[in-house]
Amino acid sequence: MTGTVHIIGAGLAGLSAAVCLIQRGASVVVHDAASHGGGRCRSYHDEVLGCRIDNGNHLMLSGNHAILDYLKTIGSEDTLVRSDEAEFPFLDLSTGQRWSVTPDKGIIPWSLFSADTRVPGSSLSEYLRGLSLAWAGPNKTISQCLGGDGPLFDKFWDPLAVSVLNTESETASAQLLWPVLRETFGRGSAACVPMIVRDGLSESFVDPAVAYVSNLGGSIHFNHRLRAVNYKNDYVTSLDFGNEQIAIGPGDRVILAVPPSIAHTLMPEIVTPDAFRPIVNGHFRVPKKSKDVSFMGLVGSIAHWLFVRGDVVSITVSAVSYTHLRAHETVLDL
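All chains use their own residue numbering, which begins from 1 and follows the written sequence. Owing to the predicted nature of the model, reporting of local features is limited to residues with pLDDT of at least 70; listing and counting of side-chain atom pairs is limited to 80 or more, with chain, interface and lining totals taken over all residues. Only hydrogens and water are set aside when side-chain values are computed; all heavy atoms of the structure are taken into account.

**Q** Whenever I open this one, the overall build of the protein confuses me. Can you help?
**A** Working definition: helices are DSSP H or I runs of at least four residues, strands are E runs of at least two. Numbering for both runs from the N terminus. Secondary structure summary: the protein contains nine helices and 18 strands in total. The C-alpha radius of gyration of the protein comes to 22 Å, within 12% of the 20 Å expected for a compact globule of 334 residues. In terms of principal-axis extent, the alpha carbons of the protein reach across some 65 × 50 × 40 Å. Each residue gets one of three labels from its accessible area relative to the maximum for its type: buried under 20%, exposed over 50%, partly exposed in between, using a 1.4 Å probe on protein chains only. When burial is assessed residue by residue, the protein has 45% of its 334 residues classed as buried. Considering only intrachain contacts with a sequence separation of at least 6, the fraction spanning at least 24 residues in the protein is 62%. Counting every atom, the protein has about 17900 Å² of accessible surface; 54% of that belongs to carbon and sulfur. One way to put it: in the protein the 26 positive side-chain charges average out to a point 2 Å from where the 33 negative ones average out. Radius of gyration: over C-alpha atoms. The globule rule applied is 2.2 Å multiplied by the number of residues raised to the 0.38 power. Here, two residues are considered to be in contact whenever any of their heavy atoms come within 4.5 Å of each other. Computed with a 1.4 Å probe, the accessible areas rest on the Shrake-Rupley method; for each residue, only the protein chains presented here act as cover. All tallies of charge rest on Lys and Arg as positive and Asp and Glu as negative; His and the ends of each chain are not included. Charge placement uses NZ in Lys and CZ in Arg. For Asp and Glu, CG and CD serve respectively.

Rendered as structure tokens:
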């Protein structure tokens with residue numbers, strides 16, 4: 001590849017693009033407005049807790065080969081903690097009921113034929129509804145495909161969907177959930193082993209990527225905010241960084257690896273999403289330090305997941321809205 005690729009944004013999208021391109025011999029320059037990489041997926045020192053935490057909780061599955069290939073390339077695949085088994089513990093905070101979702105080893109889920117190994121109170125027919133996701137139309141929501149109620153929906157489908165897509169089941173696209181199920185639960189337990197970062201998001205995903213790109217001759221410029229993209233006849237001619245103008249030649253390329261709102265500001269003709277749901281994370285320091293890294297799914301609660309790493313307990317609330325927060329009042333007994 002001739003010319004230089006300018007990547008705007010050093011979040012995971014920008015860093016992964018840089019890693020992939022420089023691996024293929026491209027000349028890469030990354031620009032980011034912040035003083036650090038990682039974007040919304042990074043670690044930092046929290047002054048209140050007095051320790052280093054992640055700004056978000058990330059649970060990964062072994063079937064996600066894109067993540068594993070990325071970590072292997074940058075040399076940090078050993079920084080993930082893998083569960084011994086493909087097991088997902090859940091707790092209903094409204095009733096105190098506990099259960100686990102454990103995928104079968106093979107692709108045929110024989111365990112679903114026994115009530116003892118299904119989600120409590122669920123029926124086999126509720127599981128079979130999941131197949132409707134495979135041929136869902138573009139306007140079908142998850143609730144429409146899966147019924148929108150019942151034990152399995154409340155205790156598995158809805159928590160899974162809102163965590164994967166960060167959108168309420170009533171509006172989330174069924175077409176987007178199906179590929180995730182196909183690549184994980186549809187391939188048996190070997191593709192469903194949970195993985196959590198051992199030390200921190202930056203230690204696993206960000207710092208090794210920055211080092212990898214730099215060691216192969218790439219450049220990463222922090223505190224370098226792009227002010228405008230100048231172009232003529234549908235071709236980018238220069239990048240305006242305020243006190244610096246970078247000309248874009250015929251062989252150069254530009255990748256905008258930025259949030260939709262910033263992409264629209266830089267290039268108004270780009271059609272971008274205009275509705276979003278934030279993910280809220282709460283972090284608590286506890287007196288007893290855990291030797292293991294663990295997690296738990298939560299229902300009957302404003303929070304969807306609970307993570308424990310060392311002496312920090314974190315909760316994650318996905319697809320947050322103001323009415324969502326006001327409608328729930330939950331006390332976590334830690």
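There is more to say, and it comes next.
**Q** Got a minute to help me understand the state of the cysteines in this structure?
**A** The disulfide criterion used throughout: a pair of cysteine sulfur atoms within 2.5 Å. In this structure the tally under the stated criterion is zero disulfides. The thiol of C41 is not disulfide-bonded; the next cysteine sulfur, from C51, is found 17 Å away.

**Q** Can you help me understand the environment of F295 in this one?
**A** Assignment of secondary structure puts F295 in strand β16 (residues 293-299). Through-space distance from the C-alpha of F295 to that of F185 is 18 Å; in sequence the pair is 110 residues apart. For F295, the residues in contact, after removing those within four places along its chain, are L59, S83, E87, F88, P89, P194, I196, W305, L306 and F307.

**Q** I would appreciate a short explanation of a negative patch on the surface in the present structure.
**A** Residues D84, E85, E87 and D292 make up a contiguous surface patch of negative charge. Inspection of the secondary structure assignment puts E85 in the loop between β6 (80-82) and β7 (88-92). Only residues whose relative accessible area exceeds 30% and that take part in no salt bridge are eligible for patches, with like-charged residues grouped when within 9 Å of each other and nonpolar side chains (Val, Leu, Ile, Met, Phe, Trp, Tyr) grouped when within 5 Å. Here a salt bridge means any side-chain nitrogen of Lys or Arg lying within 4 Å of a carboxyl oxygen belonging to Asp or Glu.

**Q** When you look at unusual backbone geometry in this model, what are you seeing that I'm missing?
**A** Note: most peptide bonds trans; most residues except glycine with negative phi. Phi is positive for N223, which is not a glycine, with a value near 55°. Following the sequence through the fold, N223 ends up in the loop between β10 (219-221) and β11 (228-232). Phi is positive for A319, which is not a glycine, with a value near 50°. Tracing the backbone shows A319 in the loop between β18 (312-317) and α9 (322-327).

**Q** I would appreciate a short explanation of the sheet that holds strand β13 (residues 245-247) in the present structure.
**A** Backbone hydrogen bonds hold the strands of a sheet together, and the pairing may be parallel or antiparallel. Any two strands with at least two DSSP bridges between them are considered paired. The three strands are arranged β11-β12-β13 in an open sheet whose pairing can be described as antiparallel. Of all the strands in the sheet, just β11 and β13 have a single pairing partner and so form its edges. Within this sheet the neighbouring strands show an average axis-to-axis angle of 30°, counted without direction. Direction of pairing for β11 relative to strand β12 (residues 235-240): antiparallel, over a ladder of five bridges. Residue K232 lies in a different strand from β12, and its bridge partner there is Y235. Orientation is described by axes fitted as lines to C-alpha atoms, over the contacting stretch for helices, and by angles from 0 to 180 degrees between their N-to-C directions.

**Q** Can you help me understand the packing of helix α1 (residues 12-23) against helix α2 (residues 65-74) in this one?
**A** Between two packed helices, both the angle of their axes relative to each other and the distance between the axes serve to describe the pair. Put simply, α1 and α2 touch, their axes get as near as 11 Å, and they point 60° apart. Classified by the angle between their axes, α1 and α2 sit oblique to one another. Helix-helix and strand crossings are classified by hand; for α1 and α2 the assignment is left-handed. Here α1 contributes L12, L15, S16, V19 and Q23 to the contact with α2, which in turn contributes Y70, T73 and I74. Here the angle decides the label: under 35 degrees means roughly parallel, over 145 means roughly antiparallel, 65 to 115 means roughly perpendicular, and every other value means oblique. Here is the rule for handedness: rotate from the far helix to the near one, and if that takes an anticlockwise turn smaller than a right angle the crossing is left-handed, while a clockwise turn gives right-handed.

**Q** Is there a simple way to think about the packing of α1 against helix α7 (residues 201-215) in this case?
**A** One way to put it is that α1 packs onto α7 with a least axis distance of 10 Å and a crossing angle of 35°. Classified by chirality, the crossing of α7 by α1 is left-handed. Listed contacts from α7 to L12, L15, A18, V19, I22 and Q23 of α1 are F205, V206, A209, V210, Y212 and V213. When residues are sorted by character, Ala, Val, Leu, Ile, Met, Phe, Trp, Tyr, Cys and Pro go into the nonpolar class, Asp, Glu, Lys and Arg into the charged class, and all the rest, Gly among them, into the polar class. The class makeup of the residues in the contact of α1 with α7 is eleven nonpolar, one polar and no charged.

**Q** Mind showing me how you'd approach the pattern of salt bridges here?
**A** Pairs can form between side chains of opposite charge whenever their charged atoms are close. All told, the structure shown has seven salt bridges when counted by the stated rule. A salt bridge links R277 to E168, with the shortest nitrogen-to-oxygen separation between them at 3.0 Å. Here E168 lies in the loop between α5 (151-165) and α6 (174-183) and R277 lies in the loop between α8 (260-266) and β15 (280-285), a separation of 109 residues in the sequence. The class for E168 is partly exposed, based on a relative accessible area of 23%.

**Q** Would you take a moment to explain α6 for this structure?
**A** In an α-helix, one full turn covers 3.6 residues, which means residues spaced three or four apart are oriented alike. Within the span of α6, buried status applies to A174, L177 and L181. Down the axis of α6, the sector holding all buried residues measures 60°, keeping them to one side. Polar contacts, as counted here, are pairs of nitrogen or oxygen atoms within 3.5 Å of one another; within protein the pair requires one atom able to donate a hydrogen and one able to accept it, and residues that are adjacent in sequence qualify only if both atoms are side-chain atoms. The N-cap residue of α6 is S173: its side-chain oxygen and the backbone nitrogen of Q175 are 3.2 Å apart. Think of the arc as the fan of directions from the helix axis to the C-beta atoms.

**Q** Even after reading the chapter, I still don't get α5, so can you show me in this structure?
**A** Helices are assigned an expected span. That span is 1.5 Å times one less than the residue count. Between its terminal C-alpha atoms α5 stretches 21 Å, which fits the 21 Å expected from 15 residues at 1.5 Å a residue. Along its length, α5 reaches its greatest deviation from straightness, about 35°, at W157, and the proline P159 lies no more than four positions downstream. By the burial criterion, the buried members of α5 are L152, F153, K155, F156, W157, P159, L160, A161, V162 and L165. Following α5 by one or two positions, N166 adopts a phi angle in the positive range, close to 55°. Two axes enter the definition of the bend at a residue: one is fitted to the seven residues ending there, the other to the seven starting there, and the bend is the angle between them.

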